[in-house]
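Single-letter residue listing:
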2 protein chains.
Amino acid sequence: MSGLVARNLNMVPFVSVEDMMKLVLKTGTERFIQELAGYIRDDFGRWERFDKTPRVGSYGHEGVIELMPTSDGELYGFKYVNGHPKNTRDGRQTVTAFGVLADLGNGYPMLITEMTLLTALRTAATSALVASHLAPKGSHTMALIGNGAQSEFQALAFRSLLGIERLRLYDTDPAASEKCKANLAPLGFEIEIFRSGEEAVEGADIITTATADKRNATILTDNMVGPGVHINAVGGDCPGKTELHRDILLRSSIFTEFTPQTRIEGEIQQLDADYPVTEFWQVLAGTADGRRGERDITLFDSVGFAIEDFSSLRYVRDLVGPTGLYEELDMLADPDDPRDLFGMLQRAAARL
Amino acid sequence: MSGLVARNLNMVPFVSVEDMMKLVLKTGTERFIQELAGYIRDDFGRWERFDKTPRVGSYGHEGVIELMPTSDGELYGFKYVNGHPKNTRDGRQTVTAFGVLADLGNGYPMLITEMTLLTALRTAATSALVASHLAPKGSHTMALIGNGAQSEFQALAFRSLLGIERLRLYDTDPAASEKCKANLAPLGFEIEIFRSGEEAVEGADIITTATADKRNATILTDNMVGPGVHINAVGGDCPGKTELHRDILLRSSIFTEFTPQTRIEGEIQQLDADYPVTEFWQVLAGTADGRRGERDITLFDSVGFAIEDFSSLRYVRDLVGPTGLYEELDMLADPDDPRDLFGMLQRAAARL
């Protein structure tokens, strides 16, 4: 399957930000998202084979660093990701990430890659994959509330998987909406910017919320959400951060990635710990209902799960090989005799 | 403190295996271990400030991949390490590792480095640090049972911190002992190889066991251990793998790194879950006894703990800066406007 094999056992292929951009552009952003959604669907389709560890977080005053590992018994992947809302003050990203894919059979890393860009792509791919099963048939208009770093990727994902061409934008900062429009209009979307969330959601088949405030905010109030809509809630992704009014949740059919994690990080923080929700993989497996009718409000309470990163790592591994868009890192000690690590060091003294 | 600052926010300094070897050789292996032991002592001295997460393992048929994160509230570090005993069949290391140091204040990685070699050095540094507090005064002879990849580093660490010059070697494979002797004899050690563990331990002040079998073995039986000895048990480092007969444990004062982890992975797997042991940091803090007398058998049940890796990452960060022995990896996306990740990608299309 993989075209990516390092020439030496000690070398680990590394995809830099620059190489990832080249890889995405060479593939085409929409095609990249569509193929990535296929990998995510395949992995969600074998959900029960995965080792599902909750993410491991270290909390500081300003934010969190998390490790998100998972394995299907043959491959192993993890992502390092931080969340530091105040980072933009000094020109840093609020979220950066990198990841590693490894062979669980011998423990050797097979790929290390930037994942800031890749996470944006997989988040959008997951949203669109889920919506392609839950949104009303014939959806053509999406309201996009929150026009930051994630917004354009959501738009491209929804066009790629659902054919959404019309976007209704709103952000508390009008400059963000203008930026989003400037990026997307040349790509053929029909775009309108609104001065309130209420106006933006009018007539939308799908409402995507992707705001970045680290607090409990109410991006959507109950009166804004009419029957039959699909809500794609992307922005609430850590404890104490939600986007939707609780009453919306009570009127919706709620779908999660991995419920134990979503209870802590997602919109359903606002509900009782036993409030019924459906894990999306069950819809794929046919063991749970998706949309129950035209007036059903479906809500994808997205927080991002390790399996999506695993799928992304698999996709990049399969995609990057023939392109040569990677470097090889001398990351693993490789003595001639594995028991003679010290001898390797001593002999290097003569050579170096 | 650190001389290591990347020129651009998006760049992460990377120390390859080659650069790590150069760094160790340039510093001098014994001095490297001695200085590293100082960093470990400092971090053990502020033990209660650390976030002590148990390691997070993924288990396959052939071995395990673990992530070992920790933080002191300001810096964050983690190590990726595998353990695959059968790897030597196809020329791979049984254990390889790499690690990352990050700023918990903004979540950005500050250093990524090979840690196979560094782990060997920190394991030895920790052993010698602990022995410098627990071994009998005036120790001059060490038995070294198990002469694989860790053995030479142990020897150098014990000479560097305790002045041990005489080594008594034993390994089930005589070729391993010959390899160890060939590596160490030119460095000025007095070395004898024995045909049994019983002979090797005779008259030794310190007994170090560092064997690699992944099973419960009995490298030391009860009759081999006389009063007053310090035992440095390095090799038992995962569930189901021990080196010492249980009766030795019952006669010893037992010291651990982080007891909840050692109960699972160390020699004390063989004892009841409430059997009294002392965490070594308490000896440093003066809140627990170390050696209680000339006839006391002290046992360091070493399994390796995340704080030692954290100390190693700090040391390498401080040491490597002025040497230039690192590359810079383009690992973090760095858009001009953090909210405009997509724009970064679009603009790259024109440039790439």
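So, how was this worked out
- Residues numbered from 1 in each chain as written.
- Chains lettered and ligands numbered in written order.
- Predicted model: local features only at pLDDT ≥ 70, side-chain atom pairs only at ≥ 80, totals over all residues.
- Heavy atoms only, no water.
- Contact = heavy atoms within 4.5 Å.
- Buried area = accessible area lost by both parts, 1.4 Å probe.
- Polar contact = N/O pair within 3.5 Å; in protein donor to acceptor, adjacent residues only side chain to side chain.
- Helix = DSSP H or I, 4+ residues; strand = E, 2+ residues; numbered from the N terminus.
- Nonpolar A, V, L, I, M, F, W, Y, C, P; charged D, E, K, R; others polar.
- Least-squares fit on C-alpha atoms with pLDDT ≥ 70 in both.
- Expected span 1.5 Å × (residues − 1).
- Buried < 20%, exposed > 50% of the residue type's maximum accessible area, 1.4 Å probe, protein only.
- Domains from an automatic or database assignment.
- Salt bridge = Lys/Arg side-chain N within 4 Å of Asp/Glu carboxyl O.
- Lys, Arg positive; Asp, Glu negative; His and termini not counted.
- Axes fitted to C-alpha atoms, helices over the stretch in contact; angles between N-to-C directions.
- Parallel < 35°, antiparallel > 145°, perpendicular 65-115°, else oblique.

Comments concerning the interface of chain A and chain B
Then, number 1: Between chain A and chain B, the contact holds 80 residues from the first and 80 residues from the second.
Then, number 2: Taken together, the two surfaces of chain A and chain B that pack against each other cover about 7,200 Å², and 68% of this comes from carbon and sulfur.
Then, number 3: By the criterion of area lost to chain B, the three top residues of chain A are Arg339(A), Phe342(A) and Leu345(A), representing 10% of everything that side buries.
Then, number 4: Applying the counting rule to chain A against chain B returns 29 residue pairs in polar contact (both at pLDDT 80 or more).
Then, number 5: With nine residues, helix α11 (residues 341-351) of chain A is the largest single contributor of residues to the side of chain A that touches chain B.
Then, number 6: Among the residues forming the side of chain A that touches chain B, the class breakdown is 42 nonpolar, 22 polar and 16 charged.

Some points on the relation of the copies chain A and chain B
The two chain copies are connected by a rotation around an axis plus a translation along it.
Then, number 1: Placing chain A over chain B gives an RMSD of 0.0 Å and needs a rotation angle of 180 degrees, together with 0.0 Å of translation along the axis. Accordingly, the operation relating the two chain copies is best matched by a two-fold axis.
Then, number 2: Residue by residue, 100% of the interface of chain A is reproduced at the interface of chain B, so both copies engage with the same surface.

Some details on helix α10 (residues 306-320) of chain A
Then, number 1: With 15 residues, α10(A) extends 21 Å from end C-alpha to end C-alpha; this agrees with the ideal 21 Å at 1.5 Å per step.
Then, number 2: Burial runs high along α10(A): 15 of the 15 residues are buried.

Quick look at the domain arrangement of chain A
Residue and element names in this part refer to chain A.
Then, number 1: Taken domain by domain, chain A consists of domain 1 (11-116 + 307-333) and domain 2 (124-303).
Then, number 2: Computed over C-alpha atoms only, the centres of domain 1 and domain 2 are separated by 24 Å.
Then, number 3: The interface of domain 1 with domain 2 comprises 17 residues on the first partner and 19 residues on the second.
Then, number 4: Carbon and sulfur atoms make up 68% of the area that domain 1 and domain 2 hide from each other, which totals about 1,800 Å².
Then, number 5: Linking domain 1 with domain 2 are two salt bridges.
Then, number 6: Where Arg 159 meets Glu 30, a salt bridge forms, and the shortest distance between an N and an O atom there is 2.8 Å.
Then, number 7: Joining domain 1 to domain 2, the criterion identifies five residue pairs in polar contact (both at pLDDT 80 or more).
Then, number 8: Looking at the side of domain 1 that touches domain 2 residue by residue, the class counts come to seven nonpolar, three polar and seven charged.

Let's talk about the side chain of Asp330(A)
Then, number 1: Its place among the elements puts Asp330(A) in strand β18 (residues 327-330).
Then, number 2: Here Asp330(A) occupies a buried position and makes no salt bridge, while the nearest side chain of opposite charge, Arg351(A), is found at 8.0 Å.
Then, number 3: At 3.4 Å, the side chain of Asp330(A) and the side chain of Asn10(A) are in polar contact.
Then, number 4: Within polar-contact distance, the side chain of Asp330(A) engages the backbone nitrogen of Glu18(B) at 3.0 Å.

Quick word on the packing of helix α4 (residues 151-162) of chain A against helix α11 (residues 341-351) of chain B
Then, number 1: For the pair α4(A) and α11(B), the least separation of the axes is 7 Å and the interaxial angle reads 70 degrees. In terms of orientation, α4(A) and α11(B) fall into the roughly perpendicular class. Listed contacts from α11(B) to Glu152(A), Phe153(A) and Leu156(A) of α4(A) are Leu341(B), Phe342(B) and Leu345(B).
Then, number 2: The class makeup of the residues in the contact of α4(A) with α11(B) is five nonpolar, no polar and one charged.

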